[in-house]
Amino acid sequence: MLNWLRRPKYGSIERRDTPAGLWTKCPKCGALITTKELERNLKVCPKCGFHHRLTAEERLAVTLDENSFEETDAHLISGDPLRFEGYPEKLAEAHEKSGNPDAAIVGFGTIEGYRTAIGALDFPFMGGSMGSVVGEKITRIAERAVEAHLPLVVFSASGGARMQEGALSLMQLAKTSAAIARLHDARLPYLSVMCDPTTGGVTASFAFLGDVILAEPGALIGFAGRRVIEQTIRRKLPDNFQAAEFCLEHGLIDMVVPRPELRATLARLLRFFGAPRVAATPPIATAGPAEATSTAVTATAGSEDV
Amino acid sequence: MLNWLRRPKYGSIERRDTPAGLWTKCPKCGALITTKELERNLKVCPKCGFHHRLTAEERLAVTLDENSFEETDAHLISGDPLRFEGYPEKLAEAHEKSGNPDAAIVGFGTIEGYRTAIGALDFPFMGGSMGSVVGEKITRIAERAVEAHLPLVVFSASGGARMQEGALSLMQLAKTSAAIARLHDARLPYLSVMCDPTTGGVTASFAFLGDVILAEPGALIGFAGRRVIEQTIRRKLPDNFQAAEFCLEHGLIDMVVPRPELRATLARLLRFFGAPRVAATPPIATAGPAEATSTAVTATAGSEDV
Amino acid sequence: MVTVLPERDREAEARAAALERQLAEVQREIAVHRPRAEKDGAEADVLRALEARAAELREALMQMPIAWNAVALARHPQRPKAQEFLAALIDDFTELHGDRLFRDDPAIAAGVGWCEGRPVVAIAPYKGKDTRENIAHNFGMPYPEGYRKALRVMKLAEKFGYPVLSIVDTPAAFPGDAAEERGQAEAIARNIQEMTRLRTPILVVITGEGGSGGALAIAVGDVVLMLENAIYTVIPPEGCAAILWRDATRAREAAAALRLTAADLAALEIVDEIVPEPRGGAHMDPDRAFATVRDALRRHLTALDAIPIDDLVRRRYDKYRRMGYYEERP
Amino acid sequence: MVTVLPERDREAEARAAALERQLAEVQREIAVHRPRAEKDGAEADVLRALEARAAELREALMQMPIAWNAVALARHPQRPKAQEFLAALIDDFTELHGDRLFRDDPAIAAGVGWCEGRPVVAIAPYKGKDTRENIAHNFGMPYPEGYRKALRVMKLAEKFGYPVLSIVDTPAAFPGDAAEERGQAEAIARNIQEMTRLRTPILVVITGEGGSGGALAIAVGDVVLMLENAIYTVIPPEGCAAILWRDATRAREAAAALRLTAADLAALEIVDEIVPEPRGGAHMDPDRAFATVRDALRRHLTALDAIPIDDLVRRRYDKYRRMGYYEERP
Ligand SMILES: [Zn+2]
Ligand SMILES: [Zn+2]
């Protein structure tokens with residue numbers, strides 16, 4: 001786990017100074033980068049451009065204007081409807097590891113002053129898998145966007161549906177897609193951002209239903225897993241298979257946007273699609289030589305640890 | 001020109017006995033068939049199944065119930081809006097050759113008792129090309145179908161837009177497509193039947209906009225011509241390129257229906273889509289050992305020769 | 001929102017596991033005795049007794065209320081295929097082909113016909129009866145163009161206000177590179193979304209395998225029926241076992257854990273009604289299975305007739321809106 | 001319905017043909033004299049005189065009111081490309097990619113931005129500035145996926161009620177086997193149909209070549225502007241000549257016969273307004289050309305604002321409904 005934006009309890013986002021002398025090794029080019037430098041660069045490798053994964057909190061922090069995030073529906077937690085062996089333990093472990101109660105954070109905020117509903121999946125929490133809580137949160141924020149007449153931005157990062165909730169997790173595909181349909185019917189914009197990795201049930205529902213679909217460079221995007229496909233077709237797949245750039249070429253997504261430009265791109269699109277502008281404030285975190293001061297976005301609800 | 005259904009003047013359809021001893025050579029298998037036998041077989045080669053082309057009148061005759069056809073808009077004739085060299089002469093020649101004033105016949109009729117608006121392009125008239133008259137007739141019959149709350153069936157057979165009317169013929173693509181849109185908006189069924197050949201501007205407008213798209217076996221269906229494509233890609237194309245069966249495989253049309261089954265298939269679809277049934281009468285012409293009696297479908301308008 | 005499922009019948013599962021162990025033991029003995037019996041007729045009576053015992057154990061196992069029996073029946077090679085249900089339920093069927101974009105997918109059929117005297121648009125993935133047919137129909141695993149064809153005919157149904165009847169029996173959307181390239185995920189997402197708001201009644205019958213997103217892409221409906229021994233699951237039991245225990249052979253346990261039977265799905269309120277099958281499974285008496293489905297469809301078609309379309313679409317939304325299980329901390 | 005066009009200016013055509021013959025003669029002489037002049041400098045002054053004469057004739061030819069001049073200018077390699085118009089007319093452009101089905105077609109660009117302070121969705125086929133770029137953009141000839149991308153963004157415009165601005169400069173839809181296989185005709189027909197009923201204003205500017213159905217697939221609109229020297233034709237003059245006289249080199253005559261100039265198209269009421277170009281063509285002063293188009297767009301955007309959407313769509317239907325010329329016998 002990375003710690004520059006670790007939040008000690010869910011419902012708030014906090015940034016901390018990094019202890020000097022910590023290094024991160026880039027898994028793509030192998031370069032050793034100080035963790036501080038990597039963080040300053042929005043976790044994009046300054047040598048090769050590799051985009052390290054962000055947690056949901058980090059994602060919101062680098063995207064939203066400072067102090068603008070109001071979390072909603074933070075109090076939803078998973079049950080064990082199937083009495084699936086080991087599931088409660090897995091949930092506890094994931095909560096412990098990620099600090100989150102489940103794999104999605106949703107709420108409202110502003111991007112360069114443009115107000116929007118927003119959601120982010122949290123990959124460290126059971127691979128960002130969509131069970132009932134993730135489905136319900138995405139559905140609720142879509143419904144809240146309709147009510148508030150605001151756009152919706154969702155950052156996806158998920159291995160797919162959550163096996164441990166069986167067919168109930170499969171039904172989250174229908175529930176979320178139906179809620180997104182209402183957003184479309186209300187003529188509100190929905191921007192979907194696919195981060196590494198976005199696969200399985202999340203691609204087969206809300207992630208692919210955006211008015212505009214953006215992706216980060218190199219993000220893995222696809223329905224079926226590489227191994228299953230290779231077993232089926234009995235061939236090796238090319239390296240770039242299911243990469244964001246591959247999807248762009250195949251006409252499946254609108255654009256591949258490097259992380260340092262993502263916030264501005266979203267703001268430009270929100271402006272175009274008529275998002276109300278409430279204020280122009282600086283982002284929580286920006287690329288460049290920012291001072292790592294302790295800033296916090298306090299949530300409106302659910303700041304109690306579980 | 002074939003003569004079993006030749007009509008001496010447009011506006012009526014007539015069937016005549018064939019003089020004994022006339023033979024037709026099948027261009028596909030080379031078999032010599034008596035013209036009478038070929039006609040009895042709806043002009044499908046009994047040896048190899050090759051579908052000989054039908055004129056618009058023949059098409060209506062083998063499709064509609066006896067005495068059911070009421071022609072509309074028969075009085076429309078082409079002008080020469082561009083003062084295009086040689087066009088008036090070409091029109092006169094085509095009229096002479098085909099007996100038609102232009103390349104489309106439209107009206108109302110019944111198929112196995114199911115009432116429908118109907119149109120057929122006439123390939124012998126300048127290659128079934130769509131100029132202002134063809135565009136206007138298809139548009140009018142679509143509008144009449146909306147008014148009368150009836151389905152529309154169109155048989156296409158055309159080389160494309162009519163060059164001699166320049167951009168005006170191009171605009172018939174927009175006009176006819178708009179009229180078909182109104183039919184769709186009125187929730188009325190539109191069955192498009194592609195006959196050999198259906199290419200160019202007709203494919204790029206009403207022919208490809210059917211709720212259901214049928215085609216005859218072996219019919220050539222495509223936008224660009226084979227020669228142009230071969231010049232562009234510098235490769236020979238396979239024999240079946242742009243054949244109806246090729247289009248079926250590529251998901252572009254719904255079904256390939258041999259001519260002897262076409263009437264029943266259309267009737268089945270008309271029944272399904274709620275066409276009103278007025279009477280069950282025999283077809284004008286059927287496959288099988290029919291007596292070649294003289295029958296006529298008299299048009300409601302425009303039976304005056306020009 | 002549903003409540004938590006009752007505990008699994010672990011006692012039955014344990015008994016089934018014990019029976020299985022016994023069966024495996026008997027089979028090992030059969031393997032030892034058979035060569036001898038075949039060679040010189042010696043111990044032929046021993047072999048006969050062992051084989052009778054094995055059959056007995058198999059029969060007993062099939063009577064156990066365990067999920068794996070449904071998996072076996074849902075995948076049974078003799079189980080009536082979706083196309084057989086289609087033929088039995090739809091009169092005067094006319095198949096329509098193609099997505100009007102790329103290709104006609106032979107893994108899924110779509111067309112128009114009459115069901116209980118009503119014009120309906122029908123969808124059904126096709127499985128083969130033998131290897132050749134299975135290959136031709138890609139084992140009932142659609143490509144994106146199959147889903148797009150299905151959506152096209154559903155839009156046709158919407159245009160005319162005719163009900164959609166979707167017969168579901170597919171192990172999965174095809175997991176191939178070309179399918180990914182052409183947007184398998186997009187096609188499934190699009191279908192699911194459009195089905196949640198299609199302005200015409202949708203009836204779904206899960207007759208065999210309901211395999212994850214590939215099934216849901218044709219299975220969102222106002223009424224979802226499920227045959228008694230059909231299965232509906234977010235992941236095949238083999239895949240689940242491979243992930244959970246790195247051992248695909250533990251699929252029986254995974255099947256139990258996934259709660260993929262009709263009874264489970266009805267309890268989870270994902271399925272509206274269970275359609276009983278003839279004793280031993282639908283393949284024991286296909287005609288009776290068809291008749292039972294037909295009766296259920298007639299009932300639901302009539303009931304749906306009475307619902308104004310705006311209400312219908314709202315109800316459909318509300319139905320899926322409720323699905324899921326979570327807790328809310330104060 | 002329009003009336004018949006006035007007679008072609010056959011006298012001018014004859015004079016142009018005479019000038020052409022003279023030019024050809026001079027060019028033949030140049031061909032004879034050049035090697036000698038290059039070899040030993042002999043007759044260098046003769047060559048200079050001949051070349052001056054050729055330039056004079058070319059200039060005179062360009063001043064003639066004949067259709068071929070428009071063809072030459074519309075295809076002029078220096079003529080501003082659709083992407084340059086796009087860049088000049090749209091502020092803060094964000095390109096969107098892909099048809100969400102098969103491929104992102106580089107022959108046609110689509111995206112969102114601001115035109116005269118209004119949010120608009122823009123479409124433009126891209127031609128290259130050199131061979132490499134031309135190949136990358138397939139010479140501005142879209143595949144079906146290009147048209148489907150365009151339709152997708154038009155639907156986006158409709159969702160938000162934003163005007164569509166389509167900048168048209170394409171010789172044709174790509175005539176290739178793969179394009180046919182993926183439904184070139186279907187894609188064009190679909191676009192044309194959807195554009196006739198799209199519930200948002202559509203403005204079209206034909207800036208260069210308007211090539212048949214491939215152009216119309218992005219050129220159905222409430223307002224269709226056409227640059228003074230652009231062309232719009234049902235068939236390229238070369239193809240027309242090949243069919244009429246089996247001689248593609250008689251394209252000049254065919255160009256005259258096809259009535260493909262802005263003036264002709266305006267007289268036929270297919271084009272609503274001619275946008276004047278700088279003297280010598282848009283490439284002589286691109287910025288002025290852009291500014292003139294921008295002024296016209298501003299005017300029309302404002303005018304379209306005032307029309308309720310139902311009226312707008314009805315007017316659009318009526319406009320295309322009237323197109324054509326025929327006679328009615330009593
Ligand atoms: Zn690196
Ligand atoms: Zn033959």
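What you see is a predicted model, and the numbers here were worked out from it, not measured in a lab.

K.L.:
Honestly, the coordination of the zinc ion (ligand 2) in this entry has me stumped. Any pointers?
P.N.:
Coordination angles at a metal have ideal targets, namely 109.5 degrees for four tetrahedral donors and 90 or 180 degrees for six octahedral donors. Residue and element names in this part refer to chain B. On the protein side, the zinc ion (ligand 2) has Cys 26 (SG), Cys 29 (SG), Cys 45 (SG) and Cys 48 (SG) as donor atoms, found 2.2 to 2.4 Å from it. Coordination at the zinc ion (ligand 2) is tetrahedral, judged from the four donor atoms that bind it and the angles of 108 to 112 degrees they form at the metal. Counting the intervening residues between successive donors of the zinc ion (ligand 2) yields the motif C-x2-C-x15-C-x2-C. Placement of the pair is Cys 29 in the loop between β2 (23-25) and β3 (32-34) and Cys 48 in the loop between α1 (35-40) and α2 (56-63), with a sequence separation of 19 residues. Judged by its relative accessible area of 38%, Cys 29 is partly exposed.

K.L.:
I tried to follow the environment of Leu 270 of chain B on my own but got confused; where do I start?
P.N.:
Residues and elements named next belong to chain B. On the secondary structure map, Leu 270 appears in helix α8 (residues 259-272). For Leu 270, a relative accessible area of 1% translates into the label buried. Residues Leu 270 and Leu 150 lie 120 residues apart in sequence; the distance between their C-alpha atoms is 9.8 Å. Setting aside chain neighbours within four positions, we find Leu 270 in contact with Ile 111, Tyr 114, Thr 116, Pro 151, Val 153, Leu 191 and Ala 275.

K.L.:
Explain the interface of chain C and chain A to me, please; I cannot follow it from the model alone.
P.N.:
Across the contact, 54 residues belong to chain C and 58 residues belong to chain A. Taken over both partners, the interface formed by chain C and chain A buries close to 4900 Å², and the fraction arising from carbon and sulfur atoms is 65%. Summed over the three residues of chain C that lose the most area to chain A, namely Glu 180, Tyr 317 and Arg 329 of chain C, the buried surface amounts to 14% of that side. The tally of links between chain C and chain A comes to seven salt bridges. The partner of Asp 177 of chain C in a salt bridge is Arg 235 of chain A, and the shortest N-O contact between them spans 3.1 Å. Elements with a minimum of two residues in the side of chain C that touches chain A: α7 (177-181), α8 (184-197), α9 (212-216), β7 (231-233), α10 (237-245), α11 (251-258), α14 (309-321) and β9 (326-328) of chain C. Sort the elements by how many residues they give to the side of chain C that touches chain A and α8 of chain C lands first, with 10 residues. Of the residues contributing to the side of chain C that touches chain A, the split by class is 29 nonpolar, nine polar and 16 charged. Relative to β9 of chain C, strand β5 (residues 76-78) of chain A runs antiparallel, the two being bridged by three bridges. The partner of Ser 78 of chain A across the bridge, within β9 of chain C, is Tyr 326 of chain C.

K.L.:
Sorry, what's going on with the packing of aromatic side chains here?
P.N.:
How two aromatic rings sit relative to each other is set out by the distance from centre to centre and by the angle between their planes. Within the structure shown, the criterion is met by 17 aromatic pairs over all chains. Between Phe 272 of chain B and Trp 114 of chain C, the aromatic rings sit 6.1 Å apart at their centres with planes inclined by 85 degrees, giving edge-to-face as the arrangement. Placement of the pair is Phe 272 of chain B in helix α8 and Trp 114 of chain C in strand β2 (residues 108-115), with the two residues belonging to separate chains. For the pair Phe 272 of chain B and Trp 114 of chain C, one class covers both residues: buried. Between the aromatic rings of Tyr 143 of chain C and Phe 174 of chain C, the centroid separation amounts to 5.0 Å while the plane-to-plane angle is 35 degrees, which identifies the pairing as tilted. Within this pair, whereas Tyr 143 of chain C is found in the loop between α5 (131-136) and α6 (144-160), its partner Phe 174 of chain C is found in the loop between β4 (164-170) and α7, the two being separated by 31 residues in sequence. The pair Tyr 143 of chain C / Phe 174 of chain C is uniform in exposure class, with both members buried. Chaining the aromatic ring pairs together yields one cluster made of Phe 272 and Phe 273 of chain A together with Trp 114, Phe 160 and Tyr 162 of chain D. The positively charged end of Arg 103 of chain C is found above the aromatic ring belonging to Tyr 143 of chain C, 4.9 Å away from the centroid.

K.L.:
What should I look at first to understand the packing of helix α1 (residues 10-40) of chain D against helix α2 (residues 44-63) of chain D in this one?
P.N.:
The relative placement of two packed helices is expressed as an angle between their axes plus a distance between the axes. Residue and element names in this part refer to chain D. The contact between α1 and α2 brings their axes to 9 Å, and the two run at 155 degrees. One element, α1, and the other, α2, form an angle in the roughly antiparallel class. Of the two elements, α1 crosses α2, and the hand of that crossing is left-handed. Contacts from Ala 16, Leu 19, Glu 20, Gln 22, Leu 23, Val 26, Gln 27, Glu 29, Ile 30, His 33, Arg 34 and Ala 37 of α1 reach α2 at Ala 44, Val 46, Leu 47, Leu 50, Glu 51, Arg 53, Ala 54, Leu 57, Arg 58, Ala 60 and Leu 61. Partitioning the contact of α1 with α2 into residue classes produces 14 nonpolar, three polar and six charged.

K.L.:
Explain the domain arrangement of chain C to me, please; I cannot follow it from the model alone.
P.N.:
Often the size quoted for an interface is simply the accessible area lost on bringing the parts together. All names here are of chain C. Split by domain assignment, chain C resolves into domain 1 (7-64) and domain 2 (75-321). Computed over C-alpha atoms, the centres of domain 1 and domain 2 are 36 Å apart. Taken together, the six residues of domain 1 in the interface contact six residues of domain 2. Both sides together, the interface formed by domain 1 and domain 2 hides about 430 Å², and carbon and sulfur atoms give 42% of it. If you sort the residues of domain 1 by the area they bury against domain 2, Arg 8, Glu 20 and Gln 63 come out on top, with a joint share of 73%. The tally of links between domain 1 and domain 2 comes to one salt bridge. Across the salt bridge formed by Arg 252 and Glu 20, the nearest N and O atoms sit 3.0 Å from each other. Between domain 1 and domain 2 we count one residue pair in polar contact (both at pLDDT 80 or more) in total. Counting residues per element, the ones that place at least two in the side of domain 1 that touches domain 2 are α1 (10-40) and α2 (44-63). Of the residues belonging to the side of domain 1 that touches domain 2, the class tally is one nonpolar, one polar and four charged.

K.L.:
Can you help me understand the coordination of the zinc ion (ligand 1) in this one?
P.N.:
All names here are of chain A. Only Cys 26 (SG), Cys 29 (SG), Cys 45 (SG) and Cys 48 (SG) from the protein reach the zinc ion (ligand 1) as donors, at distances of 2.2 to 2.3 Å. Here the zinc ion (ligand 1) binds four donor atoms, and the angle range of 107 to 112 degrees at the metal identifies the geometry as tetrahedral. The class for Cys 48 is partly exposed, based on a relative accessible area of 28%.

K.L.:
Would you mind going over the pattern of salt bridges with me for this structure?
P.N.:
A side chain of one charge can pair with a side chain of the opposite charge if their charged atoms are brought near each other. Scanning all chains against the criterion turns up 110 salt bridges over all chains. The partner of Arg 250 of chain D in a salt bridge is Glu 253 of chain D, with the nearest N and O atoms 3.0 Å apart. The class for Arg 250 of chain D is partly exposed, based on a relative accessible area of 30%. One continuous salt-bridge network, built from bridges that share partners, spans Asp 73, Glu 136, Arg 140, Glu 143, Arg 144 and Lys 175 of chain A together with Arg 321 and Glu 328 of chain C.

K.L.:
Explanation requested: the domain arrangement of chain A in the structure shown.
P.N.:
Along its sequence, chain A is carved into domain 1 (21-48) and domain 2 (53-305). Centre-to-centre separation of domain 1 of chain A and domain 2 of chain A, based on C-alpha positions: 24 Å.

K.L.:
Got a minute to help me understand the interface of chain B and chain D in this structure?
P.N.:
The interface is formed by 58 residues belonging to chain B together with 54 residues belonging to chain D. Around 4900 Å² of area is buried between chain B and chain D when both sides are counted, 66% of it from carbon and sulfur atoms. Contact with chain D buries area across many residues of chain B, yet Arg 83, Met 163 and Phe 223 of chain B alone supply 14% of it, more than any other trio. At the junction of chain B and chain D, the tally comes to seven salt bridges. Close ionic contact of Arg 83 of chain B with Glu 7 of chain D constitutes a salt bridge, the shortest N to O distance being 3.4 Å. Linking chain B with chain D are 23 residue pairs in polar contact (both at pLDDT 80 or more). Broken down by secondary-structure element, the contributors of at least two residues to the side of chain B that touches chain D are β5 (76-78), α4 (132-148), α5 (166-185) and α6 (226-233) of chain B. Considering each element in turn, the side of chain B that touches chain D owes the most residues, 18 residues, to α5 of chain B. Residues belonging to the side of chain B that touches chain D are distributed by class as follows: 31 nonpolar, 15 polar and 12 charged.

K.L.:
I keep staring at the environment of Glu 116 of chain C and nothing clicks. Help me out?
P.N.:
All names here are of chain C. Along the chain, Glu 116 falls in the loop between β2 and β3 (118-125). Sequence separation between Glu 116 and Arg 299 is 183 residues, and the spatial gap between their C-alpha atoms is 9.9 Å. Those residues within four positions of Glu 116 in sequence are excluded, and the remaining contacts are Arg 294, Arg 298 and Leu 301. A distance of 2.6 Å separates polar atoms of two side chains, one belonging to Glu 116 and the other to Arg 294.

K.L.:
Which parts of the structure should I look at to understand the packing of helix α4 (residues 132-148) of chain A against helix α5 (residues 166-185) of chain A?
P.N.:
Residue and element names in this part refer to chain A. Direction vectors running N to C along α4 and α5 enclose 10 degrees, while the axes themselves pass 9 Å from each other. Looking at the two axes, α4 sits roughly parallel to α5. Contacts between α4 and α5 involve Ser 132, Gly 135, Glu 136, Ile 138, Thr 139, Ala 142, Ala 145 and Val 146 from the first element and Leu 168, Gln 172, Lys 175, Thr 176, Ala 179, Ile 180, Arg 182 and Leu 183 from the second. Grouping the amino acids of the contact of α4 with α5 by side-chain chemistry returns eight nonpolar, five polar and three charged.

K.L.:
Would you explain α4 of chain A in this entry?
P.N.:
Residues and elements named next belong to chain A. When the terminal C-alpha atoms of α4 are compared, their 24 Å separation across 17 residues agrees well with the 24 Å that a helix rising 1.5 Å per residue should span. Burial analysis of α4 places 12 of its 17 residues in the buried class, the great majority of the element. Three or more residues of α4 are buried, namely Ser 132, Val 133, Val 134, Gly 135, Glu 136, Lys 137, Ile 138, Thr 139, Arg 140, Ile 141, Ala 142 and Ala 145.

K.L.:
When you look at the side chain of Arg 100 of chain C in this model, what are you seeing that I'm missing?
P.N.:
For Arg 100 of chain C, the position within the fold is in the loop between β1 (91-96) and β2. For Arg 100 of chain C, a relative accessible area of 4% gives the class buried. In terms of polar contacts, Arg 100 of chain C uses its side chain to reach the backbone carbonyl oxygen of Leu 252 of chain B, at 3.5 Å. Here Asp 254 of chain B takes part through its side chain, which lies 2.4 Å from a polar atom of the side chain of Arg 100 of chain C. Apart from residues no more than four positions distant in its own chain, Arg 100 of chain C is found in contact with Gly 210, Asp 211, Val 212, Ile 213, Gly 251, Leu 252 and Asp 254 of chain B, Arg 152 of chain C together with Arg 148 and Glu 186 of chain D.

What counts as what
Residues numbered from 1 in each chain as written. Chains lettered and ligands numbered in written order. Predicted model: local features only at pLDDT ≥ 70, side-chain atom pairs only at ≥ 80, totals over all residues. Heavy atoms only, no water. Donors = N, O, S within 2.8 Å, 3.2 Å for Na, K, Ca; no water. Tetrahedral: all angles 85-135°; square planar, octahedral: opposite > 155°, others 65-115°. Helix = DSSP H or I, 4+ residues; strand = E, 2+ residues; numbered from the N terminus. Buried < 20%, exposed > 50% of the residue type's maximum accessible area, 1.4 Å probe, protein only. Contact = heavy atoms within 4.5 Å. Buried area = accessible area lost by both parts, 1.4 Å probe. Salt bridge = Lys/Arg side-chain N within 4 Å of Asp/Glu carboxyl O. Nonpolar A, V, L, I, M, F, W, Y, C, P; charged D, E, K, R; others polar. Pairing = 2+ DSSP bridges. Phe/Tyr/Trp six-rings, centres within 6.5 Å; stacked < 30°, edge-to-face > 60°. Lys NZ or Arg CZ within 6 Å of the ring centre and 35° of its normal. Axes fitted to C-alpha atoms, helices over the stretch in contact; angles between N-to-C directions. Parallel < 35°, antiparallel > 145°, perpendicular 65-115°, else oblique. Left-handed = near helix turned anticlockwise from the far one by under 90°. Domains from an automatic or database assignment. Polar contact = N/O pair within 3.5 Å; in protein donor to acceptor, adjacent residues only side chain to side chain. Expected span 1.5 Å × (residues − 1).

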